[in-house]
Amino acid sequence: SSILSNVLPAPEDPVLSVIFACRDDPCPVKLNLIAGAYRTEEGKPLVLEVVRRAEQQLANDLSCDKGYLPIDGLADFNKLSAKLILGDDSHAMEDNRVVTIQCLSGTGSLRVGAEFLAKHHEQRVVFVPNPTWGNHPFIFTLAGLCVEYFRYYDPQTRGLDFEGMLEDLGAAPSGAIVVLQSCAHNPTGIDPTLEQWEKIRQIVRSKGLLPFFDNAYQRLVSIMKSNMPLFNLNFHGFATGNLDSDAQSVCMFVADGGECLIAQSFAKNMGLYGERIGALTIVCTSKDVARKVHSQVLLVVRPMYLSPPIHGASIVTAILKNSDMYKDWTIELKGMADRIISMRQQLYEAIQARGTPGDWSHIIKQIGMFSFTGLNEKQVRWLAKEYHIYMTYDGRISIASLSSKTVPQLADAIHAAVT
Ligand code: PMP
């Protein structure tokens, strides 16, 4: 007899089911626009040159071993990651009230933060944007917290429902955790302006809410927005301090001296998806609080996986600590950003050229790796069936997975779906 035969199959998950449907579709020209993973114009995954160089360097360095890292990971990595988001001249870091621990990419950082909060924060409610990245509700629910939503996207204007957002945050119970995506909001591609961030900060602080930033796309967006030639760009973390606008939302909250958590990922901005490298930073109000928090975070990690993996952390550290490699990273990041912007433009123009009804300008207005197309679930299912084009049921497509070759294919299909 089998004990495990009593296990019930997992309920169908809408995202996984579309991933499996795409995987099992034998059509040679199927188009996978589901995951936010960068692809080259040839449709291939990209390993950055600077990452290859860092790996060579590590391979040749006989002092690098494969021993266990401490529970909280590689110390240099933690410091450099915190600096990347908080800036070179962060008072919070100078005051030693910042705790950073290496985690398993963005997801692992969110989960460790959620487990820590579930154990040590008495308010058990966490507010996430409606809509948000599909994994957020799972991560927080499984950690034992109660997930609620604040208004974020207005389908009418295809923009931010700023009034609704402020109203919902204003009505949240004191101490509630608020998940904020620091830039390139997934799935909508819509971020608050700096003025709006300031109003959000005021309401979060005045209501005594606890902000938890999800920072999965840092530098990608600021580089997208920058029209400056690269040699005029000031590099965040070098010489001129914090000029990375993607970090500004977070830095506003840190500058006021209050608490926050930050989950950082190096999956997208360094193309290190499979290395599972990220960091959880907890900004505390004093050195004394930070010491206690640090000791408790170690207790969260130890029984889960003992200590994090070494390779990805060593790559990121090599790049962040060397100004030449940092600069080369920026140049390659700019290359990815430019290709994504060009795909947005090409898709928009291709839809225009077909005379497809409706206003499609949101495709070029949204920011980040995705476009929230406005296609509904019925249209999405139809596109999969008739055109072998796959996206999540909310109509989100990964712009970073398109190429000049596949844009016309997608534009034809969108045109057919809405006419
Ligand atoms: N947060 C957001 C908003 C994301 O879009 C993603 C990736 N899709 C993540 C976190 C986590 O990514 P990873 O665990 O690969 O760093």
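Residue positions are given per chain, counted from 1 along the sequence in the order it is written. Local features in this predicted model are restricted to residues whose pLDDT is 70 or higher, and side-chain atom pairs enter the listing and the counts only when it is 80 or higher, whereas totals over whole chains, interfaces and linings include all residues.

Visitor: Explain the site of the ligand to me, please; I cannot follow it from the model alone.
Guide: In this analysis a residue is considered near a molecule or strand if the C-beta atom, reconstructed from its backbone, is found within 6 Å of that molecule or strand. Neighbouring residues of the ligand: 13 residues in total, closest S105, G106, T107, A216 and S265. At three residues, helix α5 (residues 105-120) tops the list of elements feeding residues into the shell around the ligand. By residue class, the composition of the shell around the ligand is four nonpolar, eight polar and one charged. Each helix is a run of H or I in the DSSP string that is no shorter than four residues. Each strand is a run of E no shorter than two, and both are numbered from the N terminus. Note on residue categories: nonpolar means Ala, Val, Leu, Ile, Met, Phe, Trp, Tyr, Cys or Pro, charged means Asp, Glu, Lys or Arg, and polar means any other residue, Gly included.

Visitor: What am I meant to see in the sheet that holds strand β8 (residues 210-215) here?
Guide: Whether parallel or antiparallel, the strands of a sheet pair through hydrogen bonds between backbone atoms. We call two strands paired when DSSP finds no fewer than two bridges between them. Read across the sheet, seven strands follow the order β2-β10-β9-β8-β7-β3-β4 without closing on themselves; strand pairing throughout is mixed. Of all strands in the sheet, those with a lone pairing partner are β2 (98-104) and β4 (146-151), marking the two edges. Strand-to-strand twist in this sheet, taken as the mean axis angle between neighbours without regard to direction, amounts to 25°. By the bridge criterion, five bridges tie strand β7 (residues 177-181) to β8 in an arrangement that is parallel. Counterpart to V179 in the pairing with β8 is F212. Axis definition: a line fitted to C-alpha atoms, over the contacting stretch in the case of helices. Angles run 0 to 180 degrees between N-to-C directions.

Visitor: Teacher, can you tell me more about the nonpolar core here?
Guide: Soluble, globular proteins show a tendency: their nonpolar side chains are buried together. Residues of type Ala, Val, Leu, Ile, Met, Phe, Trp, Tyr and Cys that are buried and joined through C-beta atoms within 7 Å form what is called a nonpolar core. Here the C-beta atoms are placed from the backbone, and a residue counts as buried if at least 20 other C-beta atoms lie within 10 Å of its own, exposed if 12 or fewer do, and partly exposed otherwise. In this structure, F127, V178, V316, L347, I389 and L410 are the most contacted members of the largest nonpolar core, which totals 120 residues. Per-element accounting of this core gives the leading share, nine residues, to helix α13 (residues 323-353). Residue pairs are scored as contacts if the distance between their C-beta atoms, which are placed from the backbone, is within 7 Å. Apart from residues lying up to four places away in sequence, V178 is in contact with F127, L169, V204, L209, L210, P211 and F212.

Visitor: Got a minute to help me understand the environment of I340 in this structure?
Guide: Residue placement: I340 occurs in helix α13. In this structure, the C-alpha to C-alpha distance between I340 and V7, residues 333 residues apart in sequence, is 43 Å. Non-local contacts of I340, meaning those with residues more than four positions away in its chain, are made with M224, M369, I399 and A400.

Visitor: What am I meant to see in the pairing of β7 here?
Guide: Regular strands have side chains that alternate between both faces of the sheet. In terms of burial, β7 is a largely internal element, five of the five residues being buried. Here β7 shows no split at all, with I177, V179 and Q181 on one side and V178 and L180 on the other all buried. Here strand β3 (residues 125-130) pairs with β7 via two bridges, running parallel. Its bridge partner lying in β7, F127 is registered against V178.

Visitor: Looking at this model, I keep getting lost on the confidence of the model for the protein. Mind explaining?
Guide: Note that predicted coordinates carrying low pLDDT should not be read in detail. Values of pLDDT, the confidence the predictor places in each residue, fall between 0 and 100. Overall, the prediction assigns the protein a mean pLDDT of 93, with 96% of residues at 70 or greater. Scored below 50 in pLDDT, residues 231-242 shows 25 contacts in the model against residues more than four places distant or in partner chains. Both confidence scores are given for the complex: pTM 0.95, ipTM 0.99.

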